[in-house]
Each structure stands twice: as C-alpha cells, then as structure tokens.
Amino acid sequence: MASGADHEDNLKNDSSEMVLDAFRWMVLARTFEDKISSIYKAGKIVGGVYVGKGQEAFSSALAVNLVKGKDIYSPLIRDMAGRSAFGEPLVDAARTYMGSSKGPTQGRDGNVHRGNPREGMPAMISHLGAMISVVNGILFARRMKGTLDDAVGATTIGDGGTSTGAFHEALNLAAVENLPLIVSVANNQFAYSTPNSKQFACDNITDKAVGYGITGVEVDGTDLVDCVNTFKLCVEKARAGDGPQLVVGNLLRLSGHGEHDDAPYISEDLRKSKLGEDCLSKAHNRILDEGWANQGDIDDIFKESDDEVKSAIHTAESEKVPDPYSHNWSAYSSSILNE
Amino acid sequence: MASGADHEDNLKNDSSEMVLDAFRWMVLARTFEDKISSIYKAGKIVGGVYVGKGQEAFSSALAVNLVKGKDIYSPLIRDMAGRSAFGEPLVDAARTYMGSSKGPTQGRDGNVHRGNPREGMPAMISHLGAMISVVNGILFARRMKGTLDDAVGATTIGDGGTSTGAFHEALNLAAVENLPLIVSVANNQFAYSTPNSKQFACDNITDKAVGYGITGVEVDGTDLVDCVNTFKLCVEKARAGDGPQLVVGNLLRLSGHGEHDDAPYISEDLRKSKLGEDCLSKAHNRILDEGWANQGDIDDIFKESDDEVKSAIHTAESEKVPDPYSHNWSAYSSSILNE
Amino acid sequence: MSITYLEAIREAQSVALQKNDEVFIYGQDIGFFGGAFKSTKGLYNEFPDRVLDSPISEDAMVGLAVGAAIEGMRPIVEMQFADFSSVGFNQIVNQAATLYWRTSLACPITIRLPSGGTPGSGPFHSQCMETIYAHYPGTVVMAPSTVEDAYSMLLDAISIDDPVIFCEHKYLYYHLKAQQLPKKALPATKARIVRPGRHATIVTYSAMVHEAVSTAEKLSEDGFEIEIVDLRCVKPIDIETVLGSIARTGRVLAIGEAFPWGGVTAEIISQITSEGFNLLDAPPARLNSLDTPIPYHPELWRFHRPTAHSIEDKIRKLIKE
Amino acid sequence: MSITYLEAIREAQSVALQKNDEVFIYGQDIGFFGGAFKSTKGLYNEFPDRVLDSPISEDAMVGLAVGAAIEGMRPIVEMQFADFSSVGFNQIVNQAATLYWRTSLACPITIRLPSGGTPGSGPFHSQCMETIYAHYPGTVVMAPSTVEDAYSMLLDAISIDDPVIFCEHKYLYYHLKAQQLPKKALPATKARIVRPGRHATIVTYSAMVHEAVSTAEKLSEDGFEIEIVDLRCVKPIDIETVLGSIARTGRVLAIGEAFPWGGVTAEIISQITSEGFNLLDAPPARLNSLDTPIPYHPELWRFHRPTAHSIEDKIRKLIKE
Ligand SMILES: Cc1ncc(C[n+]2csc(CCOP(=O)(O)OP(=O)(O)O)c2C)c(N)n1
Ligand SMILES: Cc1ncc(C[n+]2csc(CCOP(=O)(O)OP(=O)(O)O)c2C)c(N)n1
Ligand SMILES: [Mg+2]
Ligand SMILES: [Mg+2]
C-alpha cells in the first residue's frame, strides 16, 4: 500500500495551484459552517447541523481533482468543502439550511441531503453506505452507453460507514466491474461516539482494499498537500482504467457529531495529537512557507468568503419558505400515476 | 497466510483417527445424497435437492473437529457430511426429504433447512450470509453469561455468499468482538452459474480476512487430510482466543447447483482439473496408501452406510405426512398471543 | 403455437431490449445461464452488453439500478426470488422510491420479483411481498395473473418513469398458457372484470384469480354468479372498477395469497368501505393466507394459502348474509 | 418529580437489566454515550457488561440478537432511528420472526425503533415502520402513546417470548411528562379507551392519540363527544375493545401517522367492517399521512401528517354522514 507521501515530492511542484484552489474552498466551507453553527445555536436552523470542521482538507482535495460536468461526486454529511469545490453554488447550501422553498430539494429533504444528480452530484440518503452503489450505477450505465470516457465517480464515507453491508456490496461490485470509482474514507476515529476499536479490527482501513482486490492508500487528512497529491494520483489511476481506489484520510473532526454534541468521548490526548491538528491553519502556514501566496492574498480569501457567505445567507433568508398548499404533493414523476 | 499444508507434517501422525472418522461421514453423506437424488429424479421428493457431492471432505473435516454439546455448527446447503459428522441423526435428514411429520421442522421448512438450535445446530434461512451473525450471537451470549469456556462456533458458506452485506457485517462484528468464530468458505468456483470472476476481484478469498483483521487460511478442499489438519489448527486457534478464522477450501461441486441443473457452465477443462478431483476416492486411496485402514474396512463402511441410509429412508417413508387439520398453526411461542 | 406466462415475461424483455437501448437487465445468473427460472433465456446471446450477471448483492444491485436510471437508463433488476429482495429493501424503498421526491429526477426502474407459493418451496422461496413495497410512497406495484398481462404489463412497467415492483407469480410460470401475445392491452394500472356476475364480487390478483375462477365456475352450477375483479396493479388500485362491480353485486370478498395482517386485502376493503359503504348489502369479507410463515410441506402449504375450496366456504357464507 | 416518555423507556430498561441477568442492550452509541437520544443514559455505568456498543451493522445486530436468544438471553436492540432498521429488515422478518415456527424455539428479542416525525427530521429520520413489521407472521408490534405505557409496555415487550418491535415515538420523548411510573398496568396487548364519547370513535395509536385528544376537546365545546381508543399494540390488535366502542358510537375514524397505503388504519378498518359491519351508522373513515416521503421542512411536515386540524375536518364530516 503506497502512502500518498511517497509521491509527494514528484507532484508538489505542479500542485500548488490545486492546493490554493482547495484552500479557498476550505476557507469558504469553514466560514459558512461556522456561521450556520452560530445560527443553529440561536435556534434558527431547522433540523440538525453536521459540519466538516477539521475535514475540509481531505474533502476539498478530492473534489478539486474532479471535473464538474464530467465526473461524479457523491458527498456525505461532512463535505461542505468538497461540495463547494465541485461547484455547488453556495446559495444552494444556504437555502436548505434556512428553509427556503427555492433550495434544491424545495424543503423536501434537509441540509446535508441536498444534491443535484443532473449535475453529477447525487443527493444522499441517510443510510450509510447506500450511495456507493448509486455511483457504481452511474459509471456502469455510462460504460454501457459508451459515454464514460475517462470520467470517474467519487464518493465519501466515514470510518463507521465501512461496517455496513452496503459498503461491502458496492465496493465488491465496483471491483468486479473494474469501475473508475473513488471511495474516500474520512477516518475521524469515531462514528458518533463509537471509537474505531468497536468498529473494525483490521490495522488500517486500507486493509479492506485487499479483500476487494483494489488499491488502498492512506493519507494524513490534516495535510492538504498530501491530500491533494494523493487524490490526484488516485483519480489519474481510476481514469486510466486501474479500477476502484480506496483512499483513507486520518484525521479528527473538530466538532461534535452534530452541533448538538460536545463530543465528551474524544479524549484530550487525542485532541492534542497530530490527528487533532487543524487542517485549515496547517494549510495556511504551509502556503505561506512555500510562498504559494502571501498573507494579503489569504486575507482576501477570508474576506471574500465572508462576503459570499453573508450574501448567500441573506438571499436565502429573504426567500419564502415552502407553502404546503401550493406544493406539488406527488412522489411520482409519471403523470398517469398522479391522477 | 499459512497454508494448511505447511502444518500437515506435524499433524499427520495424530490425525489418522479423525481422518477415518471424517471419511465415514463422507461415505454416509455420499450414499445418502445419491439415494435422495435418485428418489428426486423419480419425482418422489418434495422441493429441491441440493447436494454436497465433491465437498464432503471439506464439510466433514470441519465438523469432526467440533464437539457436539459444546460447540456450535451452523451448516448450509452442501453440508450433509458435516451435519452427520456433527451428530445429526440420519433419520432427521431422511424425514425432511420424505416429508415425514416427525422431521425436525414438522414439515414447516424443507430439506437442507432442517436444524436443531437446542443441540448447537441452528436451522438455516435461505438468505446467504444471514447465519453468521446468529452464530456470533450465540458465542456473544455465552461469553456474557460466562459459559463460553473454550467452545467455538463454526458456520459455512459458498464463494458467492461472500458478496452479501450480511457476510461482511457478521465477520466484521466477530472480529471486533474477537469471537471464536470459524467461517468455512467452500470455494467451488461458482455461485449457481456465476463464476468467481463475476463475484469478487481479490486474488483469493482469504484476502478478505485481511480487511477484517482475522486469520485466513486456504486449503485443498479435495484433500481430506489437508482439510482435517487445517480445521484442527483453526479450531485450536479459535479455542485459544485467537479470534475469527476464515478457512477457504478450493474445490468443485461434482453436481449441479441443485439436482435439476446439469451445470453446463462448468467447462470440461475445469472438471478435469485438480479442483474437479473427487475428494471421496482421493481419501479412499490415501487411507489405503497410508495403511490407516484396509479395503475390507472400507467395504464395511460403505456397506454400513448403505444399510443405514436404507433404514433411515424406510423409517421416514413409513411415517405420516403432516396433517394440516391437527397442525399447530401458530407463529408465536407465547400463549397470550395465540388466543 | 402456445406461450407460457414465463415465456411472456421473457418475450416482453426481449421486445424492450430490442426497442430501447436504455433497457438492460441485471441479476444473478441471468446472463449466459438465462436465469434460475429461465426468464431471460437466450437474451444474453442477443444482447450480450445489456443482460448482465451480478454478484449476490441485492442491496448493491438495486443501488446500481438507481444510478443507471440517473444516467437515463431503464434497468430491469431480476431478484432470484422475491424473498431475497428483503436484503435490497432499503435501496428499493428509501433510495429508488424517493429519488423523484428528493431530486425531481425520474427513477424508471423495474424490479422483477418471482413471487408466491409453489409446493415444496417453503418459507423463503414463496413470499408475496407486494404489501411491503406498496406501503412506501413512490412505488408502483403490479401483479399480473395471465400470460397476456405478464407480457403487456411488463412492457408498461418498463416504460413507466417510476420504480415498478413487478410481482410475477412462480406458480403461473409453467401452468398458464396462451395462444398468442396481445398487440393492444388494458393499461397496467386498470383492473379488469374477469368474469361477470351478480351475487357477489371477488376482488383479487395474481395466482388467486385462478382459484377464484374455479370457485366461481363451481358455484355457477348452483346458480350463483360471482363477479371477479382482477386488480392487476395493487398500487395504485383502480378503485372505480372495484366499486362499479360492487354496485352490481352488493357483496365483496377480497382475496390475497400474502400474509393476513395489512396488505392488499386490507387496503382494498378500507377503500371500498370508505368510498362505497352504501353499495354493500353485507359485511365485506377477506381471505388471506394463515398467519404463519409459508410451510414447506405441500399438505400444509395447500391449507395455508387460500384455495378454491376455502374461497367457496367464504363465498357461500357471504351470499347468505 | 416528573418523568418524561424518554426517561420511562430508560427506566424500564434499567428495571429489566436489574431484575433479569438475561437482558442486555445492544446498539450504536448506547454504551458510555447513552444513546443518540439518551434513552440508555447511565445504564452502561451500572451494567457495563450488558449495555454494549455495536458497529454500524443493523443486519448483524439483529442476527446477533437472535443467536443470543437461542442461548436463552433476552436482548434489546436499539436502532438509532426506526428508519435504519430497513437494513436489518431481513434478519427481523425472516430470521427472528420465523425462529419459533422453524425450530419451536422461542425468540424473546425486543427491537426498539425510535419512530415518527419531528419537525426538520426529513424522509430518513421520521418513519413509522409498524406496518412493515406487523405484516410478517411471528412479530408483536407495540406503539405506546403515554409515559406510563412507554414504561409498562416496554417491560411487557422484554418479557414476551416472541420478537417485539417496539415503536417509541420521538415526538413524545420530551413532550410528554407523567408524575410517576405505574406499578400495575393494562397488558400491552390490550387497547385502552382514552376518552369516552358517544358521537364517534377515533381509533389510533402513538403520537396521533394526542392529536386526537386535542380535536376531541375542541369538539366537546360544540357538544360532540368523541370516544378515543388507543390501540397501544398494533399487532395483535385488540379488536374487541374497538368494536365495543363502535357499538356505543356507530361511527369510526382510524388515524395513523404512517404512509396511507395499507398499514394499521387499513387493517383496523378491515377488521371493523368484517366483524362489526352492523355496528356502523356511517362509512368508516381513515386518515393517514400524505402519500409522499416525509418532508423535512416543518411547514410541509405539519401538512403531511394528520393533525388536530385535519382530524377535526374528518370528524365533522363523519358526524354529519
Ligand atoms: C445504516 C445506518 N445506521 C445508522 C445510522 C445513524 N448514523 C448517522 S451518522 C452515524 C455515525 C457515522 O460515523 P462515520 O461513518 O464514522 O462518519 P462521521 O460521522 O464520523 O463522519 C450513525 C451511526 C445511519 N445513518 N445509517
Ligand atoms: C441473499 C440471497 N440472494 C440470492 C439467493 C439465491 N441463491 C441461492 S444459492 C445461490 C448461489 C450460492 O452460491 P455459493 O454461495 O457459491 O454456494 P454454492 O451453491 O456454490 O455452494 C443463490 C444466488 C440467496 N439464497 N440469498
Ligand atoms: Mg467517523
Ligand atoms: Mg459456490
């Protein structure tokens, strides 16, 4: 199992642009989710809030390697950064949180469940593991139609999600069909309160790749450069026909499971360990160190993000909430079934 | 991944008795299933007939290593040999096939579905993979109650069954809980008509053990001595607290999926390969070669099996079929629910 | 020439594959082997890229179909037996059936469930699962009772832009034969009057239609004319046709092979009594299987499910009330 | 002192763990963390060997419980949300619910399903799955509506020798409070008359009982007295109590929060009309959620499920007929 770090030297030179791009989305995601979290704490968000704090590097690094309009990206609950990097308009996110009727689900499904399959971003259902096989199906269909070319399909999951039967069936099927699937596992050491020791017994989640006969790579999920380079390599391999890629990012979520949770189950030691480092400030420092941007540039990124977030939330806030009386209450697309 | 063969030399000396024992059950199973198959072809068996021809060595070798009254053995459809070796009365088998009301399921469930959980042999449901977690539960409960001692729980499955979510969830859970579980996979190269190439993409099914962090061993499923010794070692390891053991036996079924199927999907080449060797005649020859028994002893085994089979079928045939009018039509054990 | 119910299913798939490149079939052993019941026999030879074997992974099979539908395909998933769809249940009801609601994107998939009891099949190869799927919003659930319907309704199912659960009955696979396949047919969502009558209406579907017809023929000899409505589609239910029949007869017996709690017979009786209460001259009656898993032994199985015999008892009582 | 519905559930488990060594609880995050809803709060400290965290493997969790039951234990499995039991569906209906039928061995497991809608929970954290489980033979399905019932019925569930699907309603978790827990209680399988009346009967269960009570109180001001029957157990159904009520009122409305096709309201209306047709002075009425997945936005959610408001409309119509 090759570690992403092995390849870093070769790739670093030409990845600075991608790193900066990813960093921008990380800042936007952090800014947005901090804001949503404070609105939530003021009691003004409907439903739960689940954030990706601490996971932005790993999340965006995948998405900046994808091409919207060509590739598939199926995010999960901690992928605000990846969603934005893939091209989701920020206002779509703001609209679901603020309950606008103009949101992508029209108020039918919530917050992190938003998606837009027409644009290559399937909308998640809650059942962990269930989205992987949907991505399989998209790739499978394209291959059948001859429209696959070198597109890839990426989807994300957590350490806990690897225990589901759905995860197993989908990865196995993808391997059998040699689909260009990338599954990124954000190994934040816990599934809600449950530590990895109660979730699996292999040494590393990448060990699971062996059982599917696919490639497994591990990466420091707090290190943006490592993440960008590793995903770059994996996406290239998938594009080249090398089959499914399992990428495991080791990190910690720097939040509760949801914003209602203060995560008493994460020990102080762990929080203070390398896993608990904040990917955002690490990336910030690295970018300065490498000279890829200066503090002024970065200040601008924060400033722009702040403006964008305020504006998106403002737009969403001022829109109407869904109206049950005019709502199209139908679960069917076929008109004959709606008579 | 250690191959069973590595340990054979050390073990051969004291395994001859077990081998002979297993051989007896192989002969009984083959004799019984040949008979049932011919009754089926005469149209006198109700429901399908699924036999273990070619898999008797692998099946019985596991069961002779178990202790009835202490260990758990949860067989599947090709485990006639293992069932008998574990101590199932032959007449129980005959009764289900012949539709006697005295069978272990009273006519409620069919042929290979018979079982007796009170005696450590759970009754299978058809959904592949579903029995593994039931065995987990038995072991888990005993450990909780403090009655586990060094008992083990064994269960069997086919190559195709490894693709189920149930297989994954159960093996993963067993690994997390470090349960003394033995899962034997009869890798007969096909799931019904589907070849392994359409079922999984790892090199060997033992690779799956890596993903669970458990031991995986491969064995020549046509070689009784290899099978007995390998299972001996794995059962010992499980008893000693080494956790789940995945044992993969490579072989071919020498029958159709069921007796209705002539298996056109198995190529002549494969049938003639080493995998297609008949474990029964191989064991026969080996026993003679090693001098563990002479031809006369073996003739006796065949003769006794023949008698036993005839007598069991005769008994079953002469018994009443279930009577719907006196049948206890209740799915509930609680009397308050049957009012 | 005569054609069986099973062959009609094969034929409908063949036609759909021919007419529409978006159609493909996915399932266990359906390729070269032609399926456990041979309902895709020969199709792999004709369409090697669109008749594809899957691993034993019902959850992933349905998930894949939904993904393919997102890409504009019209997948048909064959479950080897309806009973095994239980492990694909989540993807069916929560992924496929909600896709349109969540995303405004259609989900034109067809899931074929070889359903129902045959002698000796036991608890896990005999189930009728229509209730389970019909309960969830977003599904269409069909259960054809004739060779002609097996053909035309499967073609309809494939062309409908929403997930269709197609409950084909294994007992009818070989038992039923027709002279030819229909060129035109009643839309799949409409019920059909199988047999006119005036003393009572039996509302049923799938294999039970034939049991009901046997009973009706027998009672006809005694001068009782039983009208039989074949629902064909159990969700949505064509309640107008049902109420029209009851308006003529004043009495109704709903029959289903599935388990007794809830289910099609409960839904149908509820709709009848809520919407056509005043049409009824007697309490509506219901007949389902007994409330246990489906027994393996044929002697028990025949007693467990409704038959012409138990239907006759019920109808005679109903007519007297 | 006052105690919530949620605390009653915690308390029942605590008592069961204390009284009987065979009881244990298995589920995600239920140990040290005390559960996503805190319904096992503190129990891990008291019973560290019998309150155990599972991996995210609903199929294997239920399978494990069945195995443990074979060994004589009485497991309680907590699903984090009812909705996720869909991936444990097969083990529940085909393994647990058939065990006794197949082997004559009892399967005393309790599966706790945090059920039902709350504002903002959406399609996959709001489901009422009682119908799905009740359809299969061998299950008992409970759905308590009060703090006292949550307590006594859960104790009953744990002591029953068959698989019990315990549908506890999340909306009631914190909303409902009682002064104390009951020492004695009506058996879990019996229905209860919540409120006497004479103009019509509402038959319902779980959270909808409270919506019905609001309506009844309002209508009482207009001189209409609505009797309310709380089913408590939806399988088996205590039809005698229901019919007894209808004998007094002559009119019935069945209400359920679940999806409209099939389900508890269909089963109850079918039983009423088959067995108590002549008690009815008007067509029986039914009210369920709309036939779409459960919407996330509270404005839509309130419209999707039955409420005191929509119940009032229905009842007013029913009384006039
Ligand atoms: C099949 C299923 N069971 C249970 C849940 C409830 N649940 C939601 S998130 C979660 C923990 C997920 O942990 P992990 O996969 O590690 O992701 P993380 O939250 O750590 O990002 C659980 C148990 C679910 N969504 N799906
Ligand atoms: C979940 C599930 N899906 C489908 C089936 C139908 N089925 C029964 S046996 C079988 C093939 C099994 O192959 P394998 O596991 O390799 O065992 P073998 O028959 O080769 O011994 C299939 C698909 C099933 N029993 N369970
Ligand atoms: Mg995690
Ligand atoms: Mg096989």
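Each value, and the rule that gives it
Residues numbered from 1 in each chain as written. Chains lettered and ligands numbered in written order. Predicted model: local features only at pLDDT ≥ 70, side-chain atom pairs only at ≥ 80, totals over all residues. Heavy atoms only, no water. Helix = DSSP H or I, 4+ residues; strand = E, 2+ residues; numbered from the N terminus. Buried < 20%, exposed > 50% of the residue type's maximum accessible area, 1.4 Å probe, protein only. Near = heavy atom within 4 Å. Polar contact = N/O pair within 3.5 Å; in protein donor to acceptor, adjacent residues only side chain to side chain. Areas by Shrake-Rupley, 256 points an atom, 1.4 Å probe, with all protein chains shown as cover. Nonpolar A, V, L, I, M, F, W, Y, C, P; charged D, E, K, R; others polar. pLDDT = per-residue confidence, 0-100. Contact = heavy atoms within 4.5 Å. Least-squares fit on C-alpha atoms with pLDDT ≥ 70 in both.

Remarks on the environment of R198 of chain D
Residues and elements named next belong to chain D.
Working step 1: Topologically, R198 is positioned in the loop between β9 (192-195) and β10 (200-204).
Working step 2: Residue class for R198 comes out exposed when judged on its relative accessible area of 54%.
Working step 3: Once the C-alpha coordinates of R198 and S121 are considered, the two residues, 77 residues apart in sequence, prove to be 37 Å apart.

Describing the site of ligand 2
Working step 1: Taken together, 19 residues lie around ligand 2, and R78, D159, G160 and N188 of chain B together with E58 of chain C are the ones closest in.
Working step 2: Nearby residues place ligand 2 at the junction of chains B and C.
Working step 3: A distance of 2.8 Å is found between an oxygen atom of ligand 2 and a side-chain nitrogen or oxygen belonging to N188 of chain B.
Working step 4: One of the backbone N or O atoms of F190 of chain B is found 2.9 Å from an oxygen atom in ligand 2.
Working step 5: If ligand 2 stood free it would expose 580 Å²; the protein chains cover 94% of that surface.
Working step 6: The residue inventory of the shell around ligand 2, partitioned by class, reads 7 nonpolar, 9 polar and 3 charged.

With respect to the confidence of the model for chain A
Working step 1: The predicted model of chain A averages 94 in pLDDT, with 96% of residues at 70 or higher.
Working step 2: Taken as a whole, residues 1-12 of chain A scores under 50 in pLDDT and shows 29 contacts with residues more than four places along the chain or in a different chain.

Some thoughts on the site of ligand 1
Working step 1: Surveying the vicinity of ligand 1 reveals 19 residues, the closest of which are R78, D159, G160 and N188 of chain A together with E58 of chain D.
Working step 2: Chains contributing residues near ligand 1 are chains A and D.
Working step 3: Interatomic distance of 2.9 Å between a backbone N/O atom of S126 of chain A and a nitrogen atom of ligand 1.
Working step 4: Here an oxygen atom of ligand 1 sits 2.8 Å away from a polar atom, N or O, in the side chain of N188 of chain A.
Working step 5: Here ligand 1 has 580 Å² of accessible area as a free molecule, and 93% of this is covered by the chains.
Working step 6: Here the shell around ligand 1 is built from residues that sort into 7 nonpolar, 9 polar and 3 charged.

Comments concerning the relation of the copies chain C and chain D
Working step 1: Structural alignment of chain C on chain D gives an RMSD of 0.0 Å, achieved by rotating through 180° and translating 0.0 Å along the axis. Those values place the two copies in the arrangement expected of a two-fold rotation axis.
Working step 2: Take the interface residues of chain C: 100% of them recur as interface residues in chain D, which is what a same-surface contact looks like.

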